[in-house]
Amino acid sequence: MAEGTTTRTPSPADDAYMKRRTLRRGSAGWLLLTGLGVAYVVSGDFSGWNIGLSKGGFGGLAIATLLMGVMYACLVFALAELSAILPTAGGGYGFARRALGTWGGFLTGTAILIEYILAPAAISIFIGDYVESLGLFGLESGWPVYLACFAIFIGIHLWGVGEALRFSLVVTAIAVAALLIFAVGAFTEFSGEGLNDIPVDKEAFGSGSWLPFGLLGIWAAFPFGMWFFLGVEGVPLAAEEAKDPVRSMPRALSISMGILVLLAVLTFFASTGARGSAAIQEAGNPLVVALQGDGDPTPLSRFVNYAGLAGLVASFFSLIYAGSRQLFALSRAGYLPRFLSLTSRRKSPYLGLLIPGAIGFALAAGTGNGARMLNIAVFGATISYALMALSHIVLRRREPDLPRPYRTPGGVLTSSVAFVLALSALVATFLVDKDAAFIALGVYAVALAYFAIYSRHHLVAQAPEEEFAALAAAEAELERN
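Everything in this summary refers to the structure shown in the same document. (Residues numbered from 1 in each chain as written. Predicted model: local features only at pLDDT ≥ 70, side-chain atom pairs only at ≥ 80, totals over all residues. Heavy atoms only, no water.)

## Thoughts on the overall build of the chain
Logical step 1: The helix and strand tally for the chain stands at 18 helices and 0 strands.
Logical step 2: Rg of the C-alpha trace for the chain: 22 Å, near the compact-globule value of 23 Å for 481 residues, within the 12% margin.
Logical step 3: Considering only C-alpha atoms, the chain reaches an extent of 70 × 50 × 40 Å along its principal axes.
Logical step 4: For the chain, the residues scored as buried account for 60% of the 481 residues in total.
Logical step 5: Excluding contacts between residues fewer than 6 apart, the proportion of contacts in the chain whose partners are at least 24 apart in sequence is 82%.
Logical step 6: One way to put it: in the chain the 31 positive side-chain charges average out to a point 10 Å from where the 32 negative ones average out. (Helix = DSSP H or I, 4+ residues; strand = E, 2+ residues; numbered from the N terminus. Rg over C-alpha atoms; globule rule 2.2 N^0.38 Å. Buried < 20%, exposed > 50% of the residue type's maximum accessible area, 1.4 Å probe, protein only. Contact = heavy atoms within 4.5 Å. Lys, Arg positive; Asp, Glu negative; His and termini not counted. Charge placed at Lys NZ, Arg CZ, Asp CG, Glu CD.)

## What about the side chain of Asp 45?
Logical step 1: Structurally, Asp 45 is set in helix H3 (residues 43–46).
Logical step 2: No salt bridge is formed by the buried Asp 45; the nearest opposite charge belongs to Arg 275, separated by 18 Å. (Salt bridge = Lys/Arg side-chain N within 4 Å of Asp/Glu carboxyl O.)

## Describing helix H4 (residues 53–85)
Logical step 1: The first and last C-alpha atoms of H4 sit only 40 Å apart over 33 residues, clearly below the 48 Å expected at 1.5 Å per residue.
Logical step 2: Remark: the principal bend of H4, roughly 85°, maps to Gly 59.
Logical step 3: H4 sits mainly inside the fold: 25 of its 33 residues count as buried. (Expected span 1.5 Å × (residues − 1). Bend = angle between axes of the 7 residues up to and from the residue.)

## Observations concerning the layout of surface pockets
Logical step 1: Looking at the largest pocket, its volume works out to about 550 Å³.
Logical step 2: Lining the largest pocket are 24 residues; nearest its centre among them are Leu 113, Ile 114, Ile 117, Ile 359 and Val 443.
Logical step 3: Mapped by element, the contributors of at least two residues to the lining of the largest pocket are helix H5 (92–134), helix H14 (350–367), helix H15 (370–398) and helix H17 (434–453).
Logical step 4: The element that contributes the greatest number of residues to the lining of the largest pocket is H5, accounting for 6 residues.
Logical step 5: Looking at the lining of the largest pocket residue by residue, the classes come out as 20 nonpolar, 3 polar and 1 charged.
Logical step 6: Approximately 420 Å³ is the volume attributed to the second largest pocket. (1 Å grid on protein atoms, 1.4 Å probe; cavity = no way out; pocket = protein on both sides within 12 Å on 5 of 7 lines; lining within 4 Å. Points joined across faces, edges and corners; volume = space filled by probe spheres on them. Nonpolar A, V, L, I, M, F, W, Y, C, P; charged D, E, K, R; others polar.)

## Some words on the packing of H5 against helix H6 (residues 143–159)
Logical step 1: Running from amino to carboxyl end, H5 crosses H6 at an angle of 125°, the nearest separation of the two axes being 9 Å. It follows that H5 is oblique to H6 by the angle criterion. You can see that H5 and H6 cross each other, and the crossing is right-handed. Packed against H5, whose contacting residues are Pro 120, Ala 121, Ser 124, Ile 125, Ile 127 and Gly 128, the element H6 presents Val 145, Tyr 146, Cys 149 and Phe 150 at the interface.
Logical step 2: Its residues assigned to classes, the contact of H5 with H6 shows 8 nonpolar, 2 polar and no charged. (Axes fitted to C-alpha atoms, helices over the stretch in contact; angles between N-to-C directions. Parallel < 35°, antiparallel > 145°, perpendicular 65-115°, else oblique. Left-handed = near helix turned anticlockwise from the far one by under 90°.)

## Brief notes about the pattern of salt bridges
Logical step 1: Applying the stated criterion to the full structure yields 8 salt bridges.
Logical step 2: Glu 399 is paired through a salt bridge with Arg 98; the nearest N and O atoms lie 2.4 Å apart. Taken together, the residues span a long stretch of sequence, with Glu 399 in the loop between H15 and helix H16 (412–432) and Arg 98 in helix H5 at a distance of 301 residues.
Logical step 3: You can call Glu 399 buried: its relative accessible area is 13%.

## Here we look at the side chain of His 157
Logical step 1: Counting through the fold element by element, His 157 comes out in helix H6.
Logical step 2: With relative accessibility at 2%, the residue His 157 sits in the buried group.
Logical step 3: Among the polar contacts listed, one links the side chain of His 157 to the backbone oxygen of Phe 317, at a separation of 2.8 Å.
Logical step 4: Excluding its chain neighbours within four sequence positions, the residues that come into contact with His 157 are Ala 164, Phe 317, Ile 320, Tyr 321, Ser 348 and Leu 353. (Polar contact = N/O pair within 3.5 Å; in protein donor to acceptor, adjacent residues only side chain to side chain.)

## Re the packing of aromatic side chains
Each aromatic ring pair is summarised here by two numbers: the centre-to-centre distance and the angle between the ring planes.
Logical step 1: Applying the stated criterion to the full structure yields 26 aromatic pairs.
Logical step 2: Pairing Phe 153 with Phe 316 gives two aromatic rings, centres 5.9 Å apart and planes at 65°, and the pair type is edge-to-face. Here Phe 153, found in helix H6, pairs with Phe 316, found in helix H13 (residues 299–332); they are 163 residues apart in sequence, far enough to count as distant. Phe 316 shares its class with Phe 153; the two are buried.
Logical step 3: Residues Phe 153 and Phe 317 carry aromatic rings whose centres are separated by 5.9 Å and whose planes lie at 85° to one another, so their mutual orientation is edge-to-face. In this pair, Phe 153 sits in helix H6 while Phe 317 sits in helix H13, placing the two residues 164 residues apart along the sequence. The pair formed by Phe 153 and Phe 317 is uniform in burial state, with each residue classed as buried. (Phe/Tyr/Trp six-rings, centres within 6.5 Å; stacked < 30°, edge-to-face > 60°.)

## Some remarks on a nonpolar patch on the surface
Logical step 1: A grouping of Phe 187, Phe 190, Val 261, Val 265 and Phe 269 is seen on the molecular surface, where their side chains present a nonpolar patch of about 390 Å² in accessible area.
Logical step 2: At 3 residues, helix H10 (residues 245–275) tops the list of elements feeding residues into the nonpolar patch.
Logical step 3: Inspection of the secondary structure assignment puts Val 265 in helix H10. (Patch = residues over 30% accessible without salt bridge, like charges linked within 9 Å, V, L, I, M, F, W, Y side chains within 5 Å. Areas by Shrake-Rupley, 256 points an atom, 1.4 Å probe, with all protein chains shown as cover.)

## Section: the nonpolar core
Logical step 1: By size, the foremost hydrophobic cluster in this structure holds 157 residues, and its most contacted members are Trp 49, Tyr 72, Ile 127, Met 226 and Tyr 385.
Logical step 2: Excluding residues within four positions of it along the chain, Ile 127 makes contact with Cys 149, Leu 309, Leu 312, Val 313 and Phe 316. (Core = buried A, V, L, I, M, F, W, Y, C linked by side-chain atoms within 4.5 Å.)

## Section: empty space enclosed by the protein
Logical step 1: Considering all chains together, one arrives at 4 cavities of 30 Å³ or more under this definition.
Logical step 2: Its volume calculated, the largest cavity comes out at about 180 Å³.
Logical step 3: Surrounding the largest cavity, 16 residues form its lining, Ser 43, Gly 44, Ile 123, Leu 230 and Leu 374 being those nearest its centre.
Logical step 4: Among the elements of the structure, helix H2 (30–41), H3, H5 and H13 are those that each provide at least two residues to the lining of the largest cavity.
Logical step 5: The dominant element in the lining of the largest cavity, judged by the number of residues it contributes, is H5, at 4 residues.
Logical step 6: A per-class count over the lining of the largest cavity returns 10 nonpolar, 5 polar and 1 charged.
Logical step 7: In this model, the second largest cavity occupies a volume close to 100 Å³.
Logical step 8: What lines the second largest cavity is a set of 14 residues, and nearest its centre among them are Tyr 116, Pro 120, Ile 320, Pro 356 and Gly 357.

Below, the structure is given as structure tokens:
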């Protein structure tokens, strides 16, 4: 059928359709994929997580970070299995499409898009703040800086995926090295007395020196505990461009998660122990405050400040990549307008990069509210986590004999833990920012209306994720007959 044919079942696309929508295969080995996983997250170590101290205190944020770390570890193990089964650019959408049908696939893909379009917009604002605070080129935070961020880094992505991932790896390595150097310097001033120096709210249930805001403070700190890991789940979106994805994807996911856990522990304890929880709980640059307090900048604090900018660039750059690949997969399969999945001669989804970039720039320049946009992104992320974990559970139960080159340790129990904690984190977003949660729900509602009215009747049967689901349906039909 022609590309524009209307049908209530997935419409087969001709070869020309798929040829105009292909990515460059074999561009990324396990090392680049690992770097991508860390790059998604590393900016969260430099700022943002510390606000959780104002919600739960040291003990509350520590417990929240531990629980969120468990959630991400369980989710990563589940995704490692799923990505080895279906190594395509669809990532979470593809997994949910097979397990939960077209509605489940669209719900998951849309939630991921909310995360990966809003987060870069927020980070561009933070980059502007860093550029201004460091006095770089005499620039002030504002739309020219945001525009430069999107233009330069989208330009690198348009150049090619291999070049983009190598650039990301270099910037990420600088940021990680800086975090390790920071930890060494901060631990020389470590004092356990400063960990619990936030005043206790005696009216809060279960409050004490370690839980100054009580037991509810643990729950309220969930979204900030996520900042140490938010984005690592995006690694499977690079599957179509990976070398031997069946082997490299589980390896990259596991190693990147291990690196992020190490960085989270070092950053959290070094920062709070060096200057005290109260001093850094609302700081925009908590690592710098931990090193110098209210005093003059030191060589180490200046270095960490510049490295923080590198961390922001790494996350901004890699999240643009993730968003473009999720948009590409949804568009190629017809869930979103099909023209968004067209690729250039260098096999880059150029419209999938430019249009989300334009939206992100408009949001950053128009609102200037990075914290609100990140809260919206977190809301979308938690929905996608719950649906991806559920997809793993459903496929294990419904298709136990499906070939699994990699199997999740603990099986369904592991993904069930991720599912329960993801739902808990979703509810916690309402405790932190109700407005952000309702804005995200509004965006979700508009997207679902588009799917219900139009796009579910115009799906493309030859998209890899749709073929995979169709194969499952055919096998099920044969078994019934």
